[in-house]
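Examination of the molecular architecture
Okay, here's what each chain looks like letter by letter:
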Amino acid sequence: MGKVKRRRRKPEKDNPTGLPSIKDFEEDENNSNSDKEKAFQDVFEQLQSPTIEEKISALQTLESMSYEALIALQIAKNKVARIVGPLLTDLNSVVRTAAASALRNVADNGGDEAYTQLIKDDLMTPLIVSLRKHYAEWQPEVGMKASKLREEKNAFIQIVTLLWTLCEKDEQVVQICNNNNIMVTLLKFLNPLVYGMDMSIVAAQCAVTLCEDNSVAINEVKRQEGFIITLLDLKPEKENSISELLLLRTLVANLLMNANAEFRSEQETIRMVCKIVAVLSDILLIDRERQLEILRILPQQNDGMGGSSKKKVQEIRQILAAEQQALEILANLCSEEPGSENVSDLDESDDCEAEFMEEDSTEERGYGVSNMPVELVEVVTSHGTMKKVWQLTKALPDNIQDLMGKSPEGKIIKKQFHTLRCRAFLCLNNLLTSFDIDGLGTPDELYRIWIEIGTTVFKVADPNDTELLESATSAMRAVLQKLTEIRANSFSQMTLEDLQPMLNGERQCPNPSVRINLIRILGNLALLLVTVDNTESRELVKYVSTFLLDACTKETEVWVMAEALDAIMDIYAEDETNQLAVEVDLVEKLQSLIPLFNNKIRLQKRNLGDNAFVVSTVKTNLRRFVKYKDQQVAGLR
C-alpha cells in the first residue's frame, strides 16, 4: 500500500522529427501492421544516430506513440528495452531523461505483458548500471550551473521512477535491486538539504516499495535508522515547500514502519513509533478550506492553466498523497494477521462431542480495552488522531465535485479525494478495532457518527462504488462494535423501517466483503436489542435472526455463510436468549444448515485463502453450539 505515482508527462504537441505519432495512427484507421512496423523501424534507426538532438527527438516520438495501449505493447514486443535501454547509461543527462521517460510510458501504458517483455529483454541491466555509474557517488557540485543541475536531477527522477514502476510489478526486479545494493543509493538521496525535495521524494517512494516484505532492504533501513529518523523533524525552508515536506515526511514514516513492524515489545521502538504517529497526526491536520478555494480556480473543460495555478494544484496533489500515506500507515499500524495456529483442519471429522462454552462472551473478550502499548494510546488520544481521520471521511461539497469534473486536472484530483476518503474509512475501522472509544468521544457522539456513515452508505453512495461501500461499511461495523461492547442504549427506539436498508443491502449487494459487513452490523444490532426489555426489540431480534438464517441458505460464498452463522451464535450465546431461540426454531434451522455448510466447505476450501480462519473456527464451534443450545431449550419447547 501507499504508493503514489508521479504524474505522467503529457505527449509533446509538436512532432519535431516528422516521424509518425499516435495521432497519425488514429487518423488513418487503415494502417496495416506492416506500416506500423515501418514506423517503429524508422524511430529505432534514428535512435542509433550519433547526434544527441536526433536521439532525443526519436525518444520523444517513441514516448508519444506509446500513449496508446496496443501500440505501447507492440513497442515493448519490438525489443525496445534492448534498443533504448543502453541509452539509460548515456553520458548526456538529457538523453538519459528522455530514455527513462519513454520506457516508463511503454511500461505504464502497455500493461502487464509490456512489463514482462521489458524485464525479459533485460532492461534491468542498463538501469542498474545507470544508477551505479551516474548516481552512486553523485552529489551537487559547488558552483554547478543551475541548468546542468536541473538536467541531472531530471534524469535521476525519471530513472528512479522507472525503477519504482518495475519494482511494483515484479519480484525479480526487487531481487536484482537487492543483489546490487540499490537501497544504499536510494537512502543516500533522502536528504533534501543536499539533493533537494524532488530527488528525495522519488527516492523515498521507490525505497518504500522496495522495502515491502524485503528483509534485505529492511536491514539497510535499520542500519541507517538514526539518520532516517532525523528526517521526521525536517522543517520547511519556505512556505511553498510545505506540501513537498509533508509528502517526504510521510514516506520516511512509512519506511520506518516497514522496518519496525513488530514494535510492541521493545521500549525504544515503541517510542519511535509514537513519534511517527505524532508526525502523521500533524500531517492530517490540513486546512481543507484553503484547498477548496484553490480548487475553485480550476479551468473549465480543457482551458489551460497558468504557472501559478498549476503549482497550487500540484501542491494539493502532494498534500493529498501525504494524507493518503499517513492514513495507510496508521491503518497498517493497527492491523494484525489472523493466527494460523488456531486454524483447524477443514477436512477433519464433523463429529465433535466437546461442550460449547461461552468463551466468546463480551465479558471475557476484554472489550473496550486497547491492545496497543499505553504510550501509543496516549499519543493517539492526545493528538485527536481518530477525530482527524473521521474528518477526512467527509465528502467534498457537490459544487466543488461538479467543478472538478469539468477539467482533466480536476478529474485527477477528484479521484484522489475519493481514494483518500475510502482510506480514511478503512483507517477509522482499524483504529476503532485496536483502540478504546475515548478517541472518538462519548457513546452519543459515536452513535451520530454511525448514523452519518449509514446515510452515506444507504442514501448517498453510488451502488456501484464498491471501494467506498466496502470501506464505509467496515467503519460502520467498527463503530457499532464499540457501541455493542459498552452496551449502549442508543438503539432502543429502532424500528423495522430503520433496519430495512441494511437488509436490502445484504440481499442485493454483489460484493461479498460488503455483505459480510452488513451481516455483522445486523448481528451487533441484534446483540444490543437483546438487552432491551420490550416487545418491539424482541420482535426485531427475531426478524434479524430469521433473515440471517435465510441468508445462509441462499449464500453462495462459504466464508460469507460462516460469518452469518458466527453472528447468529453471538446473538444466542447467552442463556437469556433461550426463549427467543425456541420462537425462531433456531436449533432445528441450524441443524439443517450443517450439511449445507460442510458441503460448501468441501467445494470451496482450496480457494478460501485468508478466509479459511473464520470458516474453520465456525466449523469447529457450530456443532458444539447446536448441541449446547439444544440442551438449554429442551424444556421450553
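Further up the page is the structure itself.
Residues numbered from 1 in each chain as written. Predicted model: local features only at pLDDT ≥ 70, side-chain atom pairs only at ≥ 80, totals over all residues. Heavy atoms only, no water.

**A closer look at the overall build of the protein chain**
When its secondary structure is counted, the protein chain shows 32 helices and zero strands. Out of the 637 residues in the protein chain, the part that is buried amounts to 54%. Per element, the accessible surface of the protein chain, about 29,200 Å² overall, is 47% carbon and sulfur. (Helix = DSSP H or I, 4+ residues; strand = E, 2+ residues; numbered from the N terminus. Buried < 20%, exposed > 50% of the residue type's maximum accessible area, 1.4 Å probe, protein only. Areas by Shrake-Rupley, 256 points an atom, 1.4 Å probe, with all protein chains shown as cover.)

**Let's talk about the packing of helix α28 (residues 535-554) against helix α31 (residues 586-604)**
Following both chains from N to C, one finds α28 and α31 inclined at 20 degrees, their axes separated by 10 Å at the closest point. Judged on the interaxial angle alone, α31 and α28 are roughly parallel. Considering only the axes of α28 and α31, their crossing is left-handed. Listed contacts from α31 to Thr-546, Leu-549, Cys-552 and Thr-553 of α28 are Leu-586, Lys-589, Leu-590, Leu-593 and Leu-596. Partitioned by chemical class, the residues of the contact of α28 with α31 number six nonpolar, two polar and one charged. (Axes fitted to C-alpha atoms, helices over the stretch in contact; angles between N-to-C directions. Parallel < 35°, antiparallel > 145°, perpendicular 65-115°, else oblique. Left-handed = near helix turned anticlockwise from the far one by under 90°. Contact = heavy atoms within 4.5 Å. Nonpolar A, V, L, I, M, F, W, Y, C, P; charged D, E, K, R; others polar.)

**Quick notes on the nonpolar core**
Leu-163, Met-183, Trp-450, Ile-453, Tyr-572, Leu-590 and Phe-597 are the most contacted members of the largest nonpolar core, which has 208 residues in total. The element that contributes the greatest number of residues to this core is helix α18 (residues 307-334), accounting for 13 residues. In contact with Tyr-572, other than residues within four places in its own chain, are Val-541, Ser-545, Thr-577, Leu-580, Ala-581, Val-584, Leu-586, Phe-625 and Lys-629. (Core = buried A, V, L, I, M, F, W, Y, C linked by side-chain atoms within 4.5 Å.)

**Some details on the packing of aromatic side chains**
Centre-to-centre distance and the angle between the planes together describe a pair of aromatic rings. Under the counting rule described, the total for this entry stands at eight aromatic pairs. Each ring, one from Tyr-447 and one from Phe-491, has its centre 5.1 Å from the other, and the planes form 85 degrees; the classification is edge-to-face. Of this pair, Tyr-447 sits in helix α24 (residues 443-460) while Phe-491 sits in the loop between α25 (466-485) and α26 (496-508), placing them 44 residues apart in sequence. Classification of Tyr-447 as partly exposed rests on a relative accessible area of 26%. Relative accessible area serves as the criterion here: at 3%, Phe-491 is assigned to the buried category. (Phe/Tyr/Trp six-rings, centres within 6.5 Å; stacked < 30°, edge-to-face > 60°.)

**A short note on the environment of Lys-235**
Along the polypeptide, Lys-235 turns up in the loop between α14 (225-230) and α15 (242-259). For Lys-235, a relative accessible area of 63% puts it in the exposed group. Along the primary structure Lys-235 and Leu-246 are separated by eleven residues, whereas in three dimensions their C-alpha atoms are 9.6 Å apart.

**With respect to the pattern of salt bridges**
Pairing between side chains of opposite charge can happen when their charged atoms approach one another. A complete count under the given rule lists 23 salt bridges for this structure. When the shortest N-O distance is used, the salt bridge between Glu-467 and Arg-423 registers 3.1 Å. Of this pair, Glu-467 sits in helix α25 while Arg-423 sits in helix α23 (residues 408-434), and the two are 44 residues apart along the sequence. By relative accessible area, Glu-467 is classed as partly exposed at 37%. A salt bridge links Arg-520 to Glu-563, with the shortest nitrogen-to-oxygen separation between them at 3.0 Å. Of this pair, Arg-520 sits in helix α27 (residues 512-530) while Glu-563 sits in helix α29 (residues 558-571), and the two are 43 residues apart along the sequence. Through salt bridges with shared partners, a single ionic network connects Arg-520, Glu-563, Asp-566 and Asp-570. (Salt bridge = Lys/Arg side-chain N within 4 Å of Asp/Glu carboxyl O.)

**Things to note about the environment of Asn-429**
Its place among the elements puts Asn-429 in helix α23. Along the chain, Asn-429 and Thr-473 lie 44 residues apart, while their C-alpha atoms are 9.1 Å from each other. Apart from the residues within four sequence positions on either side, Asn-429 is in contact with Ser-474, Ala-475 and Ala-478.

**Section: the side chain of Thr-577**
Relative to the assigned elements, Thr-577 resides in the loop between α29 and α30 (578-583). At 3.3 Å, the side chain of Thr-577 forms a polar contact with the backbone oxygen of Tyr-572. Look past the residues within four positions of Thr-577 in its chain and what remains in contact with it is Val-530, Ile-571, Tyr-572 and Lys-629. (Polar contact = N/O pair within 3.5 Å; in protein donor to acceptor, adjacent residues only side chain to side chain.)

**Considerations on helix α6 (residues 93-120)**
With 28 residues, α6 extends only 26 Å from end C-alpha to end C-alpha; this falls clearly short of the ideal 40 Å at 1.5 Å per step. Remark: the principal bend of α6, roughly 140 degrees, maps to Gly-111. With 22 of its 28 residues buried, α6 lies for the most part within the structure. Where α6 terminates, the next one or two residues include Asp-122, which has phi positive at roughly 65 degrees. (Expected span 1.5 Å × (residues − 1). Bend = angle between axes of the 7 residues up to and from the residue.)

**Here's the deal with unusual backbone geometry**
Excluding glycine, residues mostly have negative phi values, and the peptide bonds linking residues are mostly trans. At Lys-79, a residue that is not glycine, the phi angle is positive and equals roughly 65 degrees. As for its placement among the helices and strands, Lys-79 is situated in the loop between α4 (69-77) and α5 (80-84). One non-glycine residue, Arg-487, lies in positive phi territory at about 55 degrees. Position of Arg-487 relative to the elements: it lies in the loop between α25 and α26. On the accessibility criterion, Arg-487 (33% relative accessible area) is partly exposed.

**Section: helix α20 (residues 374-382)**
Each full turn of the α-helix corresponds to 3.6 residues, which orients residues three or four apart in the same direction. Of the residues making up α20, those classed as buried are Leu-376, Val-377, Val-379 and Val-380. Down the axis of α20, the buried side of the element spans an arc of 165 degrees, and every buried residue falls inside it. The exposed set on the far side of α20, more than 90 degrees from its buried face, consists of Val-374, Glu-378 and Ser-382. Positive phi shows up at Gly-384, right after α20, with a value of about 60 degrees. (Arc of directions from axis to C-beta.)

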